[in-house]
Amino acid sequence: MMLEMKPNLAILVALGGLCASTAVADTLNVQLSADIRSSRPGVNRDALSDSMALNVSEGLVAFGQRGNIVPMLAQEWTVAEDGKVYTFTLREGRTFHNGAPVTADLVKQSWEALLAAPKFNCASYFNGGRGAAVTSVEAPDDRTVVITLDKPNAMFLKYTAQSQCGGMAIMHPDSFDADGKWDHPVGTGPFVFGEWKRGQSLHLTKFADYVPLEGEIDGYAGRKEVLVDDINLVVTPDRATAVAALRSGDLDIVPFLSTSKASELSSDPAFKVQSAPHGGMITLLLQTADPVLSSPEMRLAIVKALDIPELVDVATHGLGVPNASLVPLGSIYHSKVQDERVSYAPDKVPALLKAAGYEGQELVIQTNRRNPINENVAVIAQAMLQMAGINTRIEVLEWATQLDRFRNGGFQMSAFNYSNRADPVLAYSAVVASKEDRGSAIWDDPKAIELVKEVLQTPDGDARQALFDQLHKLYLAQMPFVMLANNLDVSVSAAYVQNYTTWNGFARLWGVSLKK
Amino acid sequence: MIKFVLSRLLSAVPTLFLVSVAVFTLIRLIPGDPVALMLGDNVDPQVYAAMSHQLGLDRPIPVQFVLWLKSLLSGDLGRSITSDQEVLPLVLHRFAISAQLVLVAVTIATVFAVPLGMLAAWRQNSAFDLGVVVGGTILMSIPTFWMGLMMLLFFGLQLGWLPVLGYVSLGENFWDGAVYLLMPVATLVLHETGILVRMARASTLDVLRLDYVTHARAKGLSEGQVLRRHVARNAFGPTWTLLGLILGNLLGGVAVVETVFTIPGLGRLIVESIFGRDYPVLQGCLLFVAITYVVVNLIVDLCYPIFDPRVKSA
């Protein structure tokens, strides 16, 4: 019976080999660790959905490489003296994927449709929930778009460019079906949204009529030259399978990889491992409302007991760069002041513990296994704190449970990562707030709250730098939590893939080529 | 017969109701909710409240349950919170994928395991028997994720014979589909063979010790005749029952195998909906799994008299 089966197996095996080898030469196979939630930018989204959206669509402005706002579909813009009216002039010659030209009227329609979408993730940024509300979007002529706010808002363009808002992508009305329901994105980006097999794969094809801007790649703007015909995003939830597929050539890029896996692959010449910090934050949160941790001396003792460079190095397998500031290392606002930190001084810990009235009470560090960095941080921090005489225990939670506790402030210490923030003030906004207003607030000092409000209303420039410096000094004085490092973009690609890097938590697919 | 089927189906109604209550309640008792997961660390209480209201999650749980039950009775399982797809077509689509994998695997495993187990019992205490017992124990002890990964690494990576990831439906392209299903099916076949071969061997041993088998041998029937005519059918009964349980279990989704081999089946959908707290999808999936279990076991019970006529008379 076994002998009879062998020829059949051989046929199947041969077919498998054939199938594996018939892939189109200029198709880039990229891992998607989970399927995208929806195809509509800014609506029912997550980081992977944003990643797709930003390759397919464009907004009026975008974030540049250093977190600055740069033009995208808008060639230029002006802000009225009262700070309430933004007038954008559209670039000439831009077209949608269906060939229709980008006009001011279509931009107006697109903005209005997105602002009215029930599940628009960023509604509060534009309806007055977080500052100003958009009162009107007008199109006085084909190339001019005028957006009016009810009050000035220095963050308006930054909110507009945010990835979680889909970069306020301009979509053609053909994106909707006859009933006005969302169908598929018809945008202006360098890739066209192709076949989407839910739970399996998504194809992004080269937009043949796309005209790249002059210059270099600049964050989510700049030169977007597409050098492959097709991107095949393959849903591969299992990390081990993804690495095996990378080795076999079934995948060319794994955009998000754990630091442990990346360090394993970094010595293999068949792969290119890239790692760079982004605006996300690796932190050890402290609950300042907790009876033990409400003492500033206690919090300072914890920080002095932690050898942070060592902790970051081990937790990230040598890929992380310590950063004591909420201003990311790559930001234009990361000044010398931002490099100031509380030094590691375990010898000072006993005196601080005594001053705090600490009597060996157990402190619980919450963590999860979804993100290995969090677990590593918890384990290493626990060891360092125990050595310094601070009694700690680790509680490993499922991610949704830890997030729920975070949302309600239900923790003493928590090894927690914040996702990428495109602007430093958004990082501060995530942390600074009144605990009465927001359970997830970590730092509820009135002075810090006022400073963050002020930064939100201050345009780019020296005044903003001074405010960030003040905030950092205040943070060091109060130590409401432990900022360890910026989160990392760790990607791995096959050696024959040219110019790929994951940037600020997103898979940037233009400028990438295959040289097999 | 019809009366039996109807009574079995009717008796399943309270079971399914209890399952639905349990599923609905338990998933909501787990900390974390879909809105919090959607917002992640961007927690804005106003946005949270607005989205919870939009999804009806701010209503009391009994009210949510009654509304869900009402929709359920009209055949509407709701929409996925994460993907916004209708739950019923989504579950059916994913079930069809899992069913292809499971039915092929269980059929092949049965074809191999049952004769192997019977032969091992017939040759009890021989080297062949020892080999079958040891082999079966090893196969059933190896976790499917490990076996799957080993297959991927060997056939996909080392030999390069089979694609490491991807999926094509058999209906879309039979041969391509077969190629993609080869390793996951083999993984399941090996694991289930280990279980079935032991059951087939044990039940055959029980039958071989019965008086009527001794009587058949005393009549002068050959061993082959004894096995085929008198042992095989009777010994298959317990294995058949086990098959029903295995099928019911596997048709509910083989999450591990589906995850390792990137197959978008029902098991993976269940896992994703648990981690994403996608209540409507999870409720729909688990209710569907419960119904599948009931139906599969009903079919098993209806077929049982083929192997044991005493059941029919009872």
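Predicted model, so just to flag it, every value in this text is computed and none were measured.

**Student:** Please give an account of the interface of chain A and chain B that cites residues and values.
**Tutor:** In this complex, chain A contributes 39 residues to the contact, which on the side of chain B involves 40 residues. Top element by residues in the side of chain A that touches chain B is helix H1 (residues 2-21) of chain A. It accounts for seven residues.

**Student:** Could you give an account of the packing of helix H14 (residues 446-456) of chain A against helix H15 (residues 462-478) of chain A, naming the residues involved and the relevant values?
**Tutor:** Residue and element names in this part refer to chain A. One can describe the packing of H14 onto H15 by two numbers: an axis separation of 10 Å at closest approach and a directional angle of 160°. Relative to H15, H14 is oriented roughly antiparallel. As for the relative orientation of H14 and H15, their crossing is left-handed in sense. From H14, Lys447, Ala448, Leu451, Glu454 and Val455 reach across to H15, where they touch Arg464, Leu467, Phe468, Gln470, Leu471 and Leu474.

**Student:** Explain the confidence of the model for chain B to me, using residue names and the numbers behind them.
**Tutor:** Residues and elements named next belong to chain B. A residue-level look at chain B finds 98% of positions with pLDDT of 70 or above and a mean pLDDT of 89. Taken element by element, the predicted model of chain B shows its lowest mean pLDDT in helix H14 (residues 309-313) (63) and its highest in helix H6 (residues 127-141) (94). Quick note on the complex model: pTM equals 0.84, ipTM equals 0.79.

**Student:** Could you give me a rundown of the packing of helix H5 (residues 87-122) of chain B against helix H12 (residues 266-275) of chain B, with the residues and numbers involved?
**Tutor:** Residues and elements named next belong to chain B. Viewed as axis vectors pointing N to C, H5 and H12 meet at an angle of 130°, and their least axial separation amounts to 7 Å. The angle between H5 and H12 places the two elements in the oblique class. In contact with Val91, Arg94, Phe95 and Ser98 of H5, H12 contributes Leu266, Gly267 and Leu269. Taken together, the residues that form the contact of H5 with H12 break down as four nonpolar, two polar and one charged.

**Student:** Give a description of helix H12 (residues 399-408) of chain A that names residues and reports values.
**Tutor:** The set of residues buried in H12(A) consists of Ala400(A), Gln402(A), Leu403(A), Arg405(A), Phe406(A) and Arg407(A). Among the structural elements, strand E15 (363-368), strand E16 (392-397) and strand E17 (413-418) of chain A together with helix H2 (34-39) and H12 of chain B are those in contact with the buried residues of H12(A). Looking at the residues trailing H12(A), positive phi occurs at Gly409(A), about 70°.

**Student:** Break down the domain arrangement of chain A for me, with residues and values.
**Tutor:** All names here are of chain A. We note that the domain assignment places domain 1 (9-252 + 496-514) and domain 2 (278-488) within chain A. Using only C-alpha atoms to locate each centre, domain 1 and domain 2 end up separated by 32 Å. The interface is formed by 13 residues belonging to domain 1 together with 14 residues belonging to domain 2. Partitioned by chemical class, the residues of the side of domain 1 that touches domain 2 number five nonpolar, six polar and two charged.

**Student:** Can you lay out the sheet that holds strand E6 (residues 134-141) of chain A for me, pointing to particular residues and giving the numbers?
**Tutor:** Residue and element names in this part refer to chain A. Taken together, the four strands give an open sheet; going across it, the order is E4-E5-E7-E6, and neighbouring strands pair in antiparallel fashion. The open sheet terminates on both sides in strands that have one partner only, identified here as strand E4 (74-79) and E6. For this sheet the average axis-to-axis angle between neighbouring strands, irrespective of direction, equals 20°. Sheet analysis places E6 next to strand E7 (residues 144-149), joined by five bridges and oriented antiparallel. The residue of E7 that forms the bridge with Val137 is Ile147.

Reading guide: rules and limits
- Residues numbered from 1 in each chain as written.
- Chains lettered and ligands numbered in written order.
- Predicted model: local features only at pLDDT ≥ 70, side-chain atom pairs only at ≥ 80, totals over all residues.
- Contact = placed C-beta atoms within 7 Å.
- Helix = DSSP H or I, 4+ residues; strand = E, 2+ residues; numbered from the N terminus.
- Axes fitted to C-alpha atoms, helices over the stretch in contact; angles between N-to-C directions.
- Parallel < 35°, antiparallel > 145°, perpendicular 65-115°, else oblique.
- Left-handed = near helix turned anticlockwise from the far one by under 90°.
- pLDDT = per-residue confidence, 0-100.
- Nonpolar A, V, L, I, M, F, W, Y, C, P; charged D, E, K, R; others polar.
- Buried ≥ 20, exposed ≤ 12 C-beta atoms within 10 Å, placed from the backbone.
- Domains from an automatic or database assignment.
- Pairing = 2+ DSSP bridges.

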